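Fold and contact review
In case you want the letters, here they are:
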Amino acid sequence: AADGSGSVPGHGTDPAAPERVLFPPTFSVSEIKNKQRRHFMFLRWKQQQRKEKLALKKKRKKEREALGDKAPPKAIPKTIENQRVYDETTVDPNDEEVAFDEATDEFAPYFNRQTVPKILITTSDRPRGRTVRFCEQLATVIPNSHVYYRRGLALKRIIPQCIARDFTDLIVINEDRKIPNGLVLSHLPDGPTAHFRMSSVRLRKEIKRKGKEPTEHVPEVILNNFTTRLGHSIGRMFAALFPHDPQFIGRQVATFHNQRDYIFFRFHRYIFKSEKKVGIQELGPRFTLKLRSLQKGTFDSKFGEYEWIHKRREMDTSRRKFHL
């Protein structure tokens, strides 16, 4: 409100006058009835919040620089990941029981270098163009993989043919409404079989600033945050898809990154700018997986024995509870 002279408090000619407070502590945007005005004031309020946050950040930085070595350690921000509910099945690398299981499980021949991965990539019945292109690009990422398209042939009939032809793994890409939406990974000849929901599929042409086509070099494989017994099994399944001896001269790396039980796949190439600086260049494709079930043995939808099934209403009781 204006005083008798018609001036607004805080906006006089006196340079020492205090600056007008835009939003008092009791300010509430929801009290504004006009929709357009409410939206405008909300944007102004968010802008002020960002300015205050940035000013506080600069102030703390100056204080830390002034203190030098005496500055207190930075506080670790609280995130859903580091506030994770403890899982009893978390794997200890030095656990003798885990080491014994690894030496005797279905993937032991691969890690002992007794078998070389040979992958069959197939699709749901009569796939559309996008799924076909995704399978072709996936075959350039996984060495020694072969793409065959199904035409009415059941998976139970495909698996014996794969075993007879010495395939070590079977990958099935399912689609819905012309979009890839599922992945079945079956380790041959004795399983296990994992079923994933697939989302956020991006082909090479849809990735910005992508690199040139990948070479035929065997890529390096990085597995991040597979910490539980279930996650350990899934990580070994992914590792068994790639030959055990990467060719580092190709500078290619395939990454499976688990975050909040979502598995993000990225395929990159290292770009060495100097002896100390290294950049990465995405090659594609990219996609995200969410584990739905893990089944013992090969694929059997009717009589298969499941090790783990994701039951959303029973398992997702806390945002900080993760299974991988």
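Nothing here was measured: the structure is a model prediction, and the numbers come from that model.

So, on to the packing of aromatic side chains. In the structure shown here, the tally under the stated rule is ten aromatic pairs. In this structure an aromatic cluster arises from ring pairing among Phe-134, Phe-196, Phe-226, Phe-238, Phe-242, Phe-256, Phe-265 and Phe-287. One cation-aromatic arrangement involves Lys-290 over Tyr-262; the distance from NZ or CZ to the ring centre is 4.5 Å.

Before going further, it helps to examine the domain arrangement of the protein chain. When the domains of the protein chain are assigned, the result is domain 1 (29-70) and domain 2 (87-316). Domain 1 and domain 2 are separated by 44 Å when their C-alpha centres are compared.

Another point: empty space enclosed by the protein. The full count for this structure, using the stated rule, is two cavities of 30 Å³ or more. Roughly 100 Å³ of volume is contained in the largest cavity. Forming the boundary of the largest cavity are 13 residues, of which Ile-142, Leu-183, Leu-241, Phe-256 and Phe-287 lie nearest the centre. Breaking the lining of the largest cavity down by element, the ones donating at least two residues are helix H4 (129-141), strand S4 (179-187) and strand S10 (286-295).

Glancing now at the nonpolar core. The biggest cluster of nonpolar side chains holds 39 residues, and the ones touching the most others in it are Ile-171, Phe-196, Ile-234, Phe-238 and Ile-263. Within the second largest apolar cluster, ten residues are counted, among which are Leu-155, Ile-158, Cys-162 and Val-172.

Quick look at the environment of Thr-115 now. When you line up the elements, Thr-115 lands in the loop between helix H3 (108-111) and strand S1 (119-123). Using a relative accessible area of 36% as the deciding quantity, one classes Thr-115 as partly exposed. Here Thr-115 is in contact with Pro-109 and Tyr-110, once residues within four sequence places are set aside.

What follows is about the side chain of Thr-288. Along the chain, Thr-288 falls in strand S10. Given a relative accessible area of 6%, Thr-288 falls into the buried group.

Let's shift gears to the packing of helix H2 (residues 96-104) against helix H6 (residues 229-239). Where H2 meets H6, the closest approach of the two axes is 13 Å, and the angle between their N-to-C directions is 30 degrees. With respect to their mutual orientation, H2 and H6 come out roughly parallel. The handedness of the crossing between H2 and H6 is right-handed. Packed against H2, whose contacting residues are Glu-97, Val-98, Asp-101 and Glu-102, the element H6 presents Arg-229, His-232 and Arg-236 at the interface.

Under the UniProt annotation, "domain: Brix" (unreviewed entry) lies at residues 117-300. Counted over residues 117-300, helix gives 18% and strand 40%. Its end C-alpha atoms are 22 Å apart.

Time to look at the pattern of salt bridges. Enumeration according to the criterion identifies eleven salt bridges in this entry. Across the salt bridge formed by Arg-126 and Asp-125, the nearest N and O atoms sit 2.9 Å from each other. A residue is classified by how much of its surface remains accessible, and Arg-126, at 56% relative accessible area, is exposed. With relative accessibility at 36%, the residue Asp-125 sits in the partly exposed group. In this structure, Glu-282 engages Arg-286 in a salt bridge whose closest nitrogen and oxygen atoms are separated by 2.7 Å. Overall, the relative accessible area of 12% leaves Glu-282 in the buried class. Salt bridges sharing common partners tie together Glu-102, Asp-105 and Arg-236.

Now for the side chain of Arg-130. Structurally, Arg-130 can be placed in helix H4. On the basis of relative accessible area, Arg-130 is assigned to the buried category, the value being 18%. Contact partners of Arg-130, with chain neighbours within four places excluded, come to Lys-178, Pro-180, Val-201, Arg-202, Leu-203 and Glu-206.

H6 sits mainly inside the fold: eight of its eleven residues count as buried. When we look at burial in H6, the residues that qualify are Leu-230, Gly-231, Ile-234, Gly-235, Arg-236, Met-237, Phe-238 and Ala-239.

Further remarks concern the environment of Arg-64. Within the secondary structure, Arg-64 sits in helix H1 (residues 35-67). The partly exposed category is assigned to Arg-64, whose relative accessible area is 31%. Taking the C-alpha atoms as reference points, Arg-64 and Ile-249, 185 residues apart in sequence, are found 43 Å from one another. In contact with Arg-64, other than residues within four places in its own chain, are Ala-71, Pro-72, Pro-73 and Lys-74.

Calculation rules
Residues numbered from 1 in each chain as written. Predicted model: local features only at pLDDT ≥ 70, side-chain atom pairs only at ≥ 80, totals over all residues. Heavy atoms only, no water. Phe/Tyr/Trp six-rings, centres within 6.5 Å; stacked < 30°, edge-to-face > 60°. Lys NZ or Arg CZ within 6 Å of the ring centre and 35° of its normal. Domains from an automatic or database assignment. 1 Å grid on protein atoms, 1.4 Å probe; cavity = no way out; pocket = protein on both sides within 12 Å on 5 of 7 lines; lining within 4 Å. Points joined across faces, edges and corners; volume = space filled by probe spheres on them. Helix = DSSP H or I, 4+ residues; strand = E, 2+ residues; numbered from the N terminus. Core = buried A, V, L, I, M, F, W, Y, C linked by side-chain atoms within 4.5 Å. Buried < 20%, exposed > 50% of the residue type's maximum accessible area, 1.4 Å probe, protein only. Contact = heavy atoms within 4.5 Å. Axes fitted to C-alpha atoms, helices over the stretch in contact; angles between N-to-C directions. Parallel < 35°, antiparallel > 145°, perpendicular 65-115°, else oblique. Left-handed = near helix turned anticlockwise from the far one by under 90°. UniProt positions renumbered as here; feature names shortened; annotations may be inferred. Salt bridge = Lys/Arg side-chain N within 4 Å of Asp/Glu carboxyl O.

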